[in-house]
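# A closer look at the structure
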Amino acid sequence: MIALPDIRSAAAVIAPHVVRTPLLPFGTGWIKPENLQPIGAFKLRGALNALARLENRSNGVVAYSSGNHAQAVAYAARLHGVPAAIVMPDNTPAVKVEATRALGAEVFIVGITERVERAEALVADRGAALIPPFDHPDVIAGQGTIGLEVLEDLPDVETVVVPMSGGGLISGVATAIKSLRPDVRVLGAEPELAADIAESLTTGELVRWDPLKRAQTAADALRDEPSALTWEHIGRYVDDVVTVSEDEIFGAMARLARQARLVAEPSGAVAVAAQEKIGGGGGGVAVVSGGNVEPALLARLLAG
């Protein structure tokens, strides 16, 4: 498991290249708009930290991703002048595929259950380094820098709500928060259609959902499942999980656009929807994890 020194070290590594996103008032609480990162999502933090720490990246890097980690690795690889090969499932929104290619990465589109196998084959063929989307200590530490910033900007924070899927983001954020302020509640947020972690915490052991079942949610960045590493962090540090419906997610997206002038993708709005669902005072922070939304979906929500 990672620890607070790992996160502090990651903060120093990534500081020149990421936006230190502010806390913005929204509703009765606050939001942390990671959609304002250069690639439109928090994933840049973990990718930058992991790539910077590779001992050998001369043969390039490989990643598999539903979209935001793909862009993050492509961006970090371009920054360091190394080639990037990205494997993406065929249900990835086109806006994310196009953005990854625009960053100079070589993109491979495969079936939703074939991502890891194809990525591992590319690593073997090319001698490249694999940067997984969440199952790596350096990735988790990079994401955890969000927790440090929340505590610096709102020392009296009471609750932090974080979207969950593979678990890298909440593992890092929860480690940072609980290491410094164990009294702060860390809540995970999941779509009801991909609520495998909620079920896992209820049963006390990791429950696996069929990928095709998780793929039903519009929150495409939250269709993954935790690894043994992230599950260990979640089990130790996460206080509870709030699940939200597709309608609640879409409603949060529309309100973020209209009231905060922020564009959030479905996955990025899940924590906001959860925070609205539980209510509470001004001591709550929801992480808006990403804003890479298909234009047609956003237009439809705003027109509704």
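Residues numbered from 1 in each chain as written. Predicted model: local features only at pLDDT ≥ 70, side-chain atom pairs only at ≥ 80, totals over all residues. Heavy atoms only, no water.

## Considering helix H7 (residues 168–180)
Compared with the 18 Å implied by 1.5 Å per residue over 13 residues, the 19 Å span of H7 between its first and last C-alpha is a close match. With 11 of 13 residues buried, H7 is to be regarded as a mostly interior element. (Helix = DSSP H or I, 4+ residues; strand = E, 2+ residues; numbered from the N terminus. Expected span 1.5 Å × (residues − 1). Buried < 20%, exposed > 50% of the residue type's maximum accessible area, 1.4 Å probe, protein only.)

## Let's talk about the environment of Leu-79
For Leu-79, the position within the fold is in helix H3 (residues 68–80). With 36 residues separating them along the chain, Leu-79 and Arg-115 place their C-alpha atoms 24 Å apart. Leave out the neighbours within four places in its chain, and Leu-79 touches His-17 and Leu-48. (Contact = heavy atoms within 4.5 Å.)

## Thoughts on the side chain of Asp-224
By secondary structure assignment, the location of Asp-224 is in the loop between helix H9 (211–214) and helix H10 (228–237). Setting aside chain neighbours within four positions, we find Asp-224 in contact with Arg-115, Phe-134, Ser-165, Gly-166, Asp-196 and Arg-214.

## As for the layout of surface pockets
Counted as a void, the largest pocket has a volume near 420 Å³. Ile-112, Arg-115, Arg-214, Arg-223 and Asp-224 are, among the 20 residues lining the largest pocket, the residues nearest its centre. Put simply, the parts of the chain that give the lining of the largest pocket at least two residues each are helix H5 (115–126) and H9. Here the residues of the lining of the largest pocket sort into nine nonpolar, four polar and seven charged. Estimated volume of the second largest pocket: approximately 230 Å³. If you go around the second largest pocket, you meet 16 residues; those closest to its centre are Thr-28, Gln-275, Gly-279, Gly-280 and Gly-281. (1 Å grid on protein atoms, 1.4 Å probe; cavity = no way out; pocket = protein on both sides within 12 Å on 5 of 7 lines; lining within 4 Å. Points joined across faces, edges and corners; volume = space filled by probe spheres on them. Nonpolar A, V, L, I, M, F, W, Y, C, P; charged D, E, K, R; others polar.)

Without other data, these values stay purely geometric and don't point to any function.
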